[in-house]
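Structural characterization, general
Now for the letters of each chain:
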Amino acid sequence: EGAILLLPVPFHHAQRFPDKDTHNHGHRPHLTLLYIKNKDVTPGLESTIAACVRKACRRLAPFRIVCDPNSGLRDFGDGDDVEKALWLPSRSDPQGEVERANRVLKMALEDEGIEMDGFKDFVPHVTWCYVPNGLEEESRRRWDSLVSDRFKDGLSWDVRQVTLSVPSGDKTIALNPLVKK
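Keep in mind that what you see is a predicted model, and the values were worked out from it rather than measured. Throughout this description, residue numbers start from 1 for each chain and increase along the sequence as written. pLDDT decides what is reported in this predicted model: residues at 70 or higher carry local features, side-chain atom pairs at 80 or more are listed and counted, and totals for whole chains, interfaces and linings draw on all residues regardless. Remark: hydrogens and water are excluded; side-chain values derive from all non-hydrogen atoms of the structure.

1. Focus on the packing of helix α2 (residues 43–57) against helix α3 (residues 97–111)
Pairs of packed helices are described in terms of their axes, by the angle between the two and the distance that separates them. Lines are fitted to the C-alpha atoms to define the axes, a helix being fitted only along its stretch in contact, and any angle between axes, read from their N-to-C directions, falls within 0 to 180 degrees. Numbering of helices and strands starts at the N terminus; helices are DSSP runs of H or I of at least 4 residues and strands are runs of E of at least 2. Here α2 crosses α3 at 135°, and the two axes come no closer than 9 Å. On the basis of the axis angle, α2 is oblique to α3. The hand of the α2/α3 crossing is right-handed. Note on element contacts: α3 touches α2 through Val104, Leu105, Ala108 and Leu109, opposite Ile49, Cys52, Val53, Ala56 and Cys57. For the contact of α2 with α3, the per-class residue count stands at nine nonpolar, no polar and no charged. With respect to orientation, any angle under 35 degrees is reported as roughly parallel, any angle over 145 as roughly antiparallel, any angle of 65 to 115 as roughly perpendicular, and every other angle as oblique. In this scheme the crossing of two helices becomes right-handed for a clockwise turn of the near helix relative to the far one and left-handed for an anticlockwise turn of less than a right angle. Whether two residues are in contact is decided by their heavy atoms: any pair within 4.5 Å suffices. Note on residue categories: nonpolar means Ala, Val, Leu, Ile, Met, Phe, Trp, Tyr, Cys or Pro, charged means Asp, Glu, Lys or Arg, and polar means any other residue, Gly included.

What follows is the structure, given as structure tokens:
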């Protein structure tokens, strides 16, 4: 129903946590670059968003994402029915590029008159997987152990495109390799 801009984690990194251990609902690990709309994305609005993102991406150069091996289990709200996510703090190289991409895309959408429902404060992080609800301390320790083992050296990858996730399906939009950093 919504529209989100993502930076997918490459497949060879994504395989570090098999889906059987998580509740990923078919989602791959990703860095959420920008929440645009949580719902009510019509085909017309979807087309406008896609055109706007394509235009903005022409102003963005490729960059590298570097994830911190010190991950955490993040609760999204209160209650046992709220999903929890395993997430890794991340940054870009050169420093600040992921934040710049967030600002450029957000401003382009706002200039087009598209109101965003998403979170106002952007904190770069990779959502690695969603984990079972109702976790108790023992389960949290298990996840912490898995994460520290599988990410002890951290991980990084080059970002050359963004993925616009919309109701009709994901659309891949390239960044501009000719833009000077």
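2. Details of the side chain of serine 92
Tracing the backbone through its elements, the reader meets serine 92 in strand β5 (residues 84–93). Two N or O atoms form a polar contact when they lie within 3.5 Å of each other; inside protein one atom must be a possible hydrogen donor and the other a possible acceptor, and for residues adjacent in sequence the pair counts only when both atoms belong to side chains. Among the polar contacts made by the side chain of serine 92, one reaches the main-chain amide nitrogen of glutamate 97 at a distance of 2.8 Å. If we skip the residues at most four places from it in the chain, serine 92 touches Phe63, Arg64, Glu97, Val98 and Glu99.

3. Notes on α2
Expected helix span is computed as 1.5 Å times (number of residues minus one). In this model, α2 (15 residues) spans 21 Å end to end at C-alpha, consistent with the 21 Å of a helix rising 1.5 Å per residue. All buried positions along α2 are accounted for by Glu46, Ile49, Ala50, Cys52, Val53, Ala56 and Cys57. In a view along the axis of α2, the buried residues occupy a sector of 170°, so they form one face of it. Opposite the buried face of α2, at more than 90 degrees from it, the exposed residues are Pro43 and Lys55. Buried positions along α2 lie against β1 (3–8), β2 (30–37), α3, β8 (161–166) and β9 (169–174). Here the term buried applies to any residue with accessible area under 20% of the maximum for its type, exposed to any over 50%, and partly exposed to those in between, with areas from a 1.4 Å probe on protein chains only. Throughout, the arc means the angular range of directions from the helix axis out to the C-beta atoms.

4. Details of the environment of leucine 175
Among the structural elements, leucine 175 can be located in the segment after β9. Judged by its relative accessible area of 6%, leucine 175 is buried. Through-space distance from the C-alpha of leucine 175 to that of alanine 101 is 9.9 Å; in sequence the pair is 74 residues apart. Those residues in contact with leucine 175, other than ones at most four positions away along the chain, are Cys57, Leu60, Ala61, Pro62, Phe63, Val159, Arg160, Gln161 and Val162.

5. What to know about the environment of arginine 100
Inspection of the secondary structure assignment puts arginine 100 in helix α3. For the pair arginine 100 and leucine 60, spaced 40 residues apart in sequence, the C-alpha to C-alpha distance is 8.5 Å. For arginine 100, the residues in contact, after removing those within four places along its chain, are Arg59 and Leu60.

6. Notes on α3
The terminal C-alpha atoms of α3, which comprises 15 residues, lie 21 Å apart, in line with the 21 Å expected from a rise of 1.5 Å per residue. What α3 keeps buried is the set Glu97, Val98, Ala101, Asn102, Val104, Leu105, Ala108 and Leu109.

7. A look at the pattern of salt bridges
Definition used for salt bridges: Asp or Glu carboxyl oxygen within 4 Å of a side-chain nitrogen of Lys or Arg. Across all of its chains, the model carries three salt bridges by this definition. When the shortest N-O distance is used, the salt bridge between aspartate 158 and arginine 160 registers 3.8 Å. A residue is classified by how much of its surface remains accessible, and aspartate 158, at 39% relative accessible area, is partly exposed. Taking the relative accessible area as the measure of exposure, arginine 160 reaches 54% and is therefore exposed. Connected through salt bridges with shared partners, the residues Arg64, Asp158 and Arg160 form a single ionic network.

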